[in-house]
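Okay, here's what each chain looks like letter by letter:
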Amino acid sequence: MDYEFLSAETVASYIRSKPELASRINPDKITDVNEVGDGNLNLVFIVTDTDGKSIVLKQALPYVRLVGPDWPMTPFRAEREAEALRIHGGFNQELVPEIFIYDPERFVIGMENLSEYRVWRGAMIEGLKHDGVASQMGEYVAQVAFGTSVLGMDAEEQKQLMAKSINPELCKITEDLVFTEPHDDIGRNAVLPENENDAQEHANDASMIHAMGEAKWKFMTSAEALIHGDLHTGSVMVMAKNGDEGESLSKAFDSEFAFYGPVGFDLGALWANYTLNASRGIALGNEDHANWSLSLIDETWQGFEKTFRKLYESRIDSRVWKAEMLEDRLNQWKADAWLFAAAKMSRRIVGLAKVADVEQLEPNLREGAARGILNLARSLAKERHNSTSTEHFVKLAGDTLHHFKTG
Ligand code: SR1
Ligand code: MG
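Here the structure is a predicted model, which is why all the values come from computation and not from measurement.

1. Examining the side chain of Glu81
Here Glu81 shows up in helix H3 (residues 77-91). Within the structure, the side chain of Glu81 is placed 2.9 Å from the side chain of Lys58, a separation counted as a polar contact. Among all residues touching Glu81, those that are not within four sequence positions of it are Lys58, Ile109, Met111, Asp254, Ser255 and Glu256.

2. Description of the sheet that holds strand S11 (residues 236-240)
Strand order in the open sheet formed by four strands is S8-S11-S12-S9, and the pairing between neighbours is mixed. Edge strands, defined here as strands with exactly one partner in the open sheet, are strand S8 (118-119) and strand S9 (130-131). Note that S9 and strand S12 (residues 246-252) share two bridges and pair parallel. Bridging across to S12, Asp131 finds its partner in Glu247.

3. Let's talk about the pairing of strand S2 (residues 42-49)
When you tally the buried positions in S2, you get seven out of eight residues, the bulk of the element. One ladder, built from five bridges, connects strand S1 (residues 30-35) with S2; its direction is antiparallel. Residue pairing across strands places Val33 opposite Val47, the latter belonging to S2. Between the end of S1 and the start of S2, which pair antiparallel, lie six residues. Note that S2 and strand S3 (residues 54-60) share seven bridges and pair antiparallel. Bridge pairing in S3 places Phe45 opposite Leu57. Where S2 hands over to S3, the hairpin turn is made up of four residues, of which Gly52 adopts a positive phi near 85 degrees.

4. Details of the site of ligand 1
Around ligand 1, the surrounding shell consists of Asn40, Val64, Trp71, Ile173, Leu177, Asp230, His232, Phe257, Arg347, Arg348 and Ala353. A distance of 2.6 Å separates an oxygen atom of ligand 1 from a polar atom in the side chain of Asp230. In this structure, His232 approaches ligand 1 through a side-chain N or O atom, which is 3.4 Å from an oxygen atom. Protein chains bury 95% of the 310 Å² of accessible surface belonging to ligand 1 in isolation. For the shell around ligand 1, the elements supplying multiple residues, two or more each, are helix H7 (168-180) and helix H12 (323-350). Of the residues that constitute the shell around ligand 1, the class distribution is six nonpolar, two polar and three charged.

5. Quick look at unusual backbone geometry
Despite not being glycine, Phe107 has its phi angle at roughly 55 degrees, a positive value. With respect to the helices and strands, the residue Phe107 is situated in the loop between strand S6 (99-103) and strand S7 (108-112). For Phe107, a relative accessible area of 3% corresponds to the buried category. A positive phi angle, close to 60 degrees, is found at Asp254, a residue other than glycine. Within the secondary structure, Asp254 sits in the loop between S12 and strand S13 (259-261). Take Asp254: its relative accessible area is 15%, and that puts it in the buried class.

Conventions used here
Residues numbered from 1 in each chain as written. Chains lettered and ligands numbered in written order. Predicted model: local features only at pLDDT ≥ 70, side-chain atom pairs only at ≥ 80, totals over all residues. Heavy atoms only, no water. Helix = DSSP H or I, 4+ residues; strand = E, 2+ residues; numbered from the N terminus. Polar contact = N/O pair within 3.5 Å; in protein donor to acceptor, adjacent residues only side chain to side chain. Contact = heavy atoms within 4.5 Å. Pairing = 2+ DSSP bridges. Buried < 20%, exposed > 50% of the residue type's maximum accessible area, 1.4 Å probe, protein only. Near = heavy atom within 4 Å. Areas by Shrake-Rupley, 256 points an atom, 1.4 Å probe, with all protein chains shown as cover. Nonpolar A, V, L, I, M, F, W, Y, C, P; charged D, E, K, R; others polar.

Okay, here's the thing in structure tokens:
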């Protein structure tokens with residue numbers, strides 16, 4: 001794929017060539033261009049002018065940045081991201097960044113700079129509590145679940161949107177890294193030597209393999225809504241209303257994995273990442289923060305359920321979709337979230353693309369956190385047949401992570 005990559009030197013002329021951008025920032029008075037892409041895939045520039053105006057330019061590279069040109073990856077993912085952000089922003093612009101332009105020739109998205117926000121994962125690692133965000137993310141998932149499903153859209157339009165929204169290459173990353181490679185290492189997995197046995201046990205656990213087979217099937221076949229597709233805490237920006245923490249605003253970003261998939265996948269991703277953060281708190285003896293991180297599981301669910309119940313009242317077709325259908329969907333999504341959370345937490349321990357919450361622990365502490373998460377994932381996959389309450393999830397998580405704590 002041949003197109004010009006942006007660089008700090010070419011950003012000004014790029015902005016000059018795009019009226020939608022030049023009306024928001026003066027290309028002749030740019031003071032700063034910072035490349036801040038810390039994700040696994042793209043270039044991200046924050047551009048500021050002398051008047052303090054700023055925008056973000058995000059460009060998809062034709063390969064996976066984390067690995068390099070040896071792993072080619074379609075840059076058309078930028079189109080999927082721009083579309084998802086536009087559609088999701090149509091439900092609630094407060095909860096996603098605003099898009100100014102999508103450039104299909106160079107796969108660039110020009111969007112709002114959330115300079116006063118920060119990435120939630122980093123804030124959680126520092127032990128900061130951004131209150132209300134977990135509920136807002138539940139609300140976001142519910143608005144997307146309703147608004148892009150046949151409950152909130154005309155059935156024919158919904159099918160057109162579904163057809164436009166296929167994202168096979170990015171889905172394949174998830175199918176491989178999340179559901180398959182933890183049980184079939186093709187050379188991308190790695191753990192501490194002290195966790196080799198844990199990874200082996202996890203890889204060979206027949207009931208976990210069965211559960212992950214079911215999770216992968218759901219991921220590949222349940223085209224329920226235009227989900228975010230990668231809603232971990234590194235895909236959420238947060239801003240405290242006063243100071244560094246407390247009551248906060250938030251935005252879900254980085255939606256390049258968006259596709260028509262199972263609603264429970266986004267919920268499970270959030271739950272898994274709250275739990276990964278709790279494993280850090282427990283490893284460091286920061287019980288207060290660990291309890292707070294685990295409390296977010298129910299907070300997200302409550303935000304989701306409350307919003308979805310309200311939206312369901314305005315479903316466009318209520319002829320056979322009655323009250324029972326609502327209860328069935330909520331029960332199903334909660335059970336799915338358990339399953340997907342198990343998948344999403346264990347892949348971050350054994351597979352490619354780990355998370356700083358655990359990786360930045362000293363090895364003697366990381367050993368127990370990693371062992372705890374792998375054992376928890378296996379228990380979650382089994383226990384979901386007994387109870388799928390958030391209380392049960394949190395109790396299992398707290399007990400298991402404490403049991404395996406090291407250091
Ligand atoms: C090769 S991309 C690795 C991971 O980064 C993204 O955030 C997704 O989680 C993906 O699995
Ligand atoms: Mg990402």
